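This is what each chain is made of:
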Amino acid sequence: MRWLVALVVLVLGRMRRRPRLEEPERLVPTGAPDRRAENIVLLLFGAATVCAIAVPVVYVWDAIPNQTQFLGLALGLALACISAACIVIAKRLVVTEELEEEYGLTHPDEEEAVEQLVDESGDRFTRKRLLVVAGAGAGTALGAAMLTPAASLGPVFEMSSLYKTPWRRGVRLVDEAGRVFLADEIEEGTFYTAYPEHAQREQMGAPLVVVRLKPAELRLPDARYGWAPGGILAYSKICTHAGCAIALYRKPTFAPVEPKPALVCPCHYSTFDVADGGSVLFGPAGRPLPQLPLLVDPAGQLRAAGNFSGAVGPSWWGVRRHGPRS
Amino acid sequence: MIRRTVRYLDERSGGAPFLRKALRYVFPDHWSFLLGEVALYSFVILVLTGIYLTLFFKPSLATVAYHGDYLPLRGREMSEAYQSTVHISLNVRAGLLIRQTHHWAADVFVAAIVVHLLRIFFTGAFRKPRDLTYYVGLLMLILALLEGYLGYSLVDDLLSGMGLAIGYAVLMSIPFVGANLAQLVWNGPFPGGNDFESRMYIAHVLLLPIAIGMLIALHLTLVASRHHTQFLSRRATERKVVGMPTFPAYAPRSLGLAFAVAAVLFLMGGLIQINPIWQWGPYHVAEATNGAQPDWYLGWLIGALRLVPSFDVTVGNYTLVPNAFWGGAAFPLLVFLVLFLWPTLERRVTGDYAFHNLLDRPRDAPWRTALGVAFFTWIFIVFLAGAADRMFVLFGLSYEGQVWAFRVLVWVLPVVALLVTKRVCNELLRGEVVEVRRKLVEAEPAA
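Only a predicted model underlies this, so the values are computations on that prediction, with no experimental measurement involved. (Residues numbered from 1 in each chain as written. Chains lettered and ligands numbered in written order. Predicted model: local features only at pLDDT ≥ 70, side-chain atom pairs only at ≥ 80, totals over all residues. Heavy atoms only, no water.)

Caption draft 1: Geometry of a negative patch on the surface. On the surface, Asp 109, Glu 110, Glu 111, Glu 112, Glu 115, Asp 119, Glu 120 and Asp 123 of chain A cluster together to form a negatively charged patch. Along the chain, the position of Glu 115 of chain A falls in helix α4 (residues 108–121). (Patch = residues over 30% accessible without salt bridge, like charges linked within 9 Å, V, L, I, M, F, W, Y side chains within 5 Å. Areas by Shrake-Rupley, 256 points an atom, 1.4 Å probe, with all protein chains shown as cover. Salt bridge = Lys/Arg side-chain N within 4 Å of Asp/Glu carboxyl O. Lys, Arg positive; Asp, Glu negative; His and termini not counted. Charge placed at Lys NZ, Arg CZ, Asp CG, Glu CD. Helix = DSSP H or I, 4+ residues; strand = E, 2+ residues; numbered from the N terminus.)

Caption draft 2: Geometry of a nonpolar patch on the surface. A cluster of nonpolar residues, Ile 202, Val 205, Leu 206, Leu 207, Ile 210 and Met 214 of chain B, forms a patch on the protein surface that exposes about 530 Å² of accessible area. Turning to its location among the elements, Ile 202 of chain B is positioned in helix α9 (residues 195–226).

Caption draft 3: Inspection of the interface of chain A and chain B at higher detail. Counting residues at the interface gives 83 residues for chain A and 93 residues for chain B. Regarding the contact of chain A and chain B, the summed buried area is about 7,200 Å², with carbon and sulfur atoms giving 61% of it. It is Tyr 103, Phe 282 and Trp 317 of chain A that lose the most area in chain A upon contact with chain B, and together they represent 12% of the buried surface on that side. The interface formed by chain A and chain B includes seven salt bridges. The interface formed by chain A and chain B contains 34 residue pairs in polar contact (both at pLDDT 80 or more). Every element with two or more residues in the side of chain A that touches chain B is listed here: α2 (35–60), α3 (67–93), β1 (99–102), α6 (160–163), β3 (191–196), β6 (248–250) and β9 (279–282) of chain A. Residue contributions to the side of chain A that touches chain B peak at 18 residues, all from α3 of chain A. Along the lines of polarity and charge, the residues of the side of chain A that touches chain B split into 48 nonpolar, 19 polar and 16 charged. (Contact = heavy atoms within 4.5 Å. Buried area = accessible area lost by both parts, 1.4 Å probe. Polar contact = N/O pair within 3.5 Å; in protein donor to acceptor, adjacent residues only side chain to side chain. Nonpolar A, V, L, I, M, F, W, Y, C, P; charged D, E, K, R; others polar.)

Caption draft 4: Region of the structure containing the pairing of β9 of chain A. Where strand β8 (residues 271–273) of chain A lies against β9 of chain A, three bridges are found, and the strand directions are antiparallel. By the bridge assignment, Thr 271 of chain A is partnered in β9 of chain A with Phe 282 of chain A. (Pairing = 2+ DSSP bridges.)

Caption draft 5: Region of interest: the domain arrangement of chain B. All names here are of chain B. Taken domain by domain, chain B consists of domain 1 (29–351) and domain 2 (361–447). Here the C-alpha centroids of domain 1 and domain 2 sit 27 Å apart. At the junction of the two partners, domain 1 supplies 28 residues and domain 2 supplies 22 residues. For the domain 1 and domain 2 pair, buried surface summed over both sides reaches about 2,100 Å², with 74% attributable to carbon and sulfur atoms. Seen at the junction of domain 1 and domain 2, the total is two salt bridges. The residue Arg 368 makes a salt bridge to Glu 346 at a minimum N-O spacing of 2.9 Å. At the surface where domain 1 touches domain 2, the tally comes to six residue pairs in polar contact (both at pLDDT 80 or more). Looking at the side of domain 1 that touches domain 2, the elements with two or more residues in it are α5 (95–122), α12 (299–307) and α13 (324–350). Each residue belonging to the side of domain 1 that touches domain 2 can be placed in one class, and the counts come to 19 nonpolar, six polar and three charged. (Domains from an automatic or database assignment.)

Caption draft 6: Just the state of the cysteines, in detail. Residues and elements named next belong to chain A. Applying the stated rule across the entire model yields one disulfide over all chains. Residue pairing for Cys 244: its cysteine sulfur links by disulfide to Cys 267, the two sulfurs lying 2.2 Å apart. Here the disulfide of Cys 244 and Cys 267 is left-handed, its torsion about the S-S bond being about -80°. Residue Cys 244 is found in the loop between β5 (232–236) and β6, and its partner Cys 267 is found in the loop between β7 (262–264) and β8; the two are separated by 23 residues along the sequence. The cysteine Cys 239 is free of any disulfide, with Cys 265 supplying the nearest cysteine sulfur at 4.2 Å. By relative accessible area, which is 1% here, Cys 239 ends up buried. (Disulfide = S-S within 2.5 Å. Buried < 20%, exposed > 50% of the residue type's maximum accessible area, 1.4 Å probe, protein only.)

Caption draft 7: Inspection of the domain arrangement of chain A at higher detail. The domains assigned to chain A are domain 1 (32–95) and domain 2 (173–304). Each of domain 1 of chain A and domain 2 of chain A was reduced to a C-alpha centroid, and the two centroids are 59 Å apart.

Caption draft 8: Expanded view of the sheet that holds β5 of chain A. Pairing is antiparallel in the open sheet, where five strands are placed in the order β2-β3-β4-β5-β10 (chain A). The open sheet has two edge strands with one neighbour each: β2 (173–174) and β10 (291–292) of chain A.

Caption draft 9: Representation of the confidence of the model for chain A in the model. Predicted confidence across chain A gives a mean pLDDT of 92, with 95% of residues reaching 70 or more. Within chain A, the element-level pLDDT minimum falls on helix α1 (residues 2–17) of chain A, averaging 65, and the maximum on α2 of chain A, averaging 98. (pLDDT = per-residue confidence, 0-100.)

Caption draft 10: Inspection of the sheet that holds β1 of chain A at higher detail. Judged by pairing direction, the sheet is antiparallel, and its three strands sit side by side in the order β1(A)-β4(B)-β1(B) without closing on themselves. Single-partner strands in this sheet number two, and they are β1 of chain A together with β1 (26–27) of chain B. Of the strand pairs in this sheet, β1 of chain B and strand β4 (residues 240–245) of chain B are connected by two bridges, and their pairing is antiparallel. Following the sheet pairing, Phe 27 of chain B is matched in β4 of chain B by Met 244 of chain B. The strands that helix α10 (residues 246–271) of chain B touches are β1 and β4 of chain B; relative to β4 of chain B, the one it contacts most, it runs at about 70°. (Axes fitted to C-alpha atoms, helices over the stretch in contact; angles between N-to-C directions.)

Caption draft 11: Structural detail: helix α6 (residues 131–153) of chain B. The terminal C-alpha atoms of α6 of chain B lie 33 Å apart, and with 23 residues this matches the ideal 33 Å at 1.5 Å per residue to within 8%. Of all 23 residues in α6 of chain B, 17 are buried; the element is thus mostly enclosed. (Expected span 1.5 Å × (residues − 1).)

Given below as structure tokens:
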């Protein structure tokens, strides 16, 4: 009996195996194995592992000098090894086939159907153009309505603050540490940064550059008579071109051949003539540097004698409308 | 195992046919086709490193006094934004590596996009049916420039403050509405309200990256749906694309490139210092430094701002166009306008409205190549002019002399480039005709 069962199983098994499916047709062409390339890939994966392990090691190793550099090196090399392994796999271990495919086609029938769909859907409208215009109008209005809250982002129509500066007659000039400038300590051949006393400094109307020339060298316009007591001149430190701080002072070491003393902005090299009231000598700035009239009080301290000769900061459409306000 | 995974997915998405097609999608092979991928992988690194940085960075202009380890800054008043960036750089372990990698990745990202754009332009890959893809790419370039600018502006170090002042001035300079827009964006006159920092931040870490990400998806979808362009070869024609399939041939290649890009970026991030902000110090309105240069991709704008001669366009006391508008706004607008209009213009002028799946070699379209070389030369000269102050420091060339020379060269050199390129293209083509004739003549006796 046992034998019989065994025989049946065997026969059934054979019978079942007989209609054996053929091996499916290959989708990817075959190629010869390449053990050397495999070895290289193994080596690269090994190296990547070592480099990757080095990353946490360097990370926790406090005493190591140049930790950033070693971290970058370890991580970079680990990634580079994996990259190399991928490329070896691509070039040597997998089959590189050349396939062809049709470029995409256009679908004129579908295009026409879409057009027809839209057209026919609108059949029932009698005043199509009017409806479209009304709809577009409503859409535009709604769009504007939805943009309205954006006006809260900033004082969009409030231009007067652009003319405001903290300077007015009598305000003392102080240095970065808050010390009052004395007229006598302003020397020729260098420049000083000054701020208004007791005022917010982080605004474009605040900072000044103060320089001293020989009174005989001054060529200020007549209207600015007395603005530079003892040859001391004060200008806004903010360039009228693009709003950078004017951080360079060009002082000729040999006046007969070298260019005029000038204030220079390091951003785009707008160059302003200090002797004649801040006019533009070179560079892109389109209007002169605003000058601040100075006076020396009886104690010898430098004070503003008024506000600037023009609006401070980079130019805008209203910059010439009126002067700065205190 | 593979079968079970695929079955699982197919039962739930019906995606097996798509997957099979995707695995056999054909990629034509040419090194220049990888430039876009370099940009893509740089973007991935940017997102990953950027996420890490957000975990430490504080987008706040609240003033604090520095009490960290870096002695030269001890006791200095600075914003929390700047302080936290110094902290990331000097105190967070691996922070400097990630920050520098992020910065380098941004530079590489834009560079890859620009070189990719040049490849697309000079091979005529922007022609129908891929002009839409090209416009999406241009849009991404604009967003990438803005994203990079915001990225280094966020830090509130001296350099970023100077950059923001210039950005503010350029916005102010727009005729009729500039000052209003600037007040709106900055919430008041420069340096603006404290919430300006958080506005930049949300734009830099959320709005722009998502916009760029979505445009990337659109760009790739369009590329895939119309298939890749290719150069003419024995088998490649206007009708048939020839190349290797995604799987198994192309995937490991592309993966290799991805890891290579990551490797280079992390190596640069670790080994090559970039923007050491702790040396610049915090920004104050009254401070600026000489020799300041922005990241390379803004060099063309600083060059343009520097080259424009001194003038404001005024009507009475109404300033119609302040000077900064020309270099900072009009110039880039013109450049992008030309780039956006080029496919249309070329179609109109040549009357060629056909589909183009085969690429031109630059010589095949002498006029396009010559005009393109002239156009990019124009931009490049402006870019070089932005480095005139460095050339003064390095070579002692007078700055003012250089600027005058550049003001002339910027108009002369493009014309020279145009004529030379046209000639070279024509000569190359003629050489090929001669070659073909000679082969025909040599073949004749045999026939």
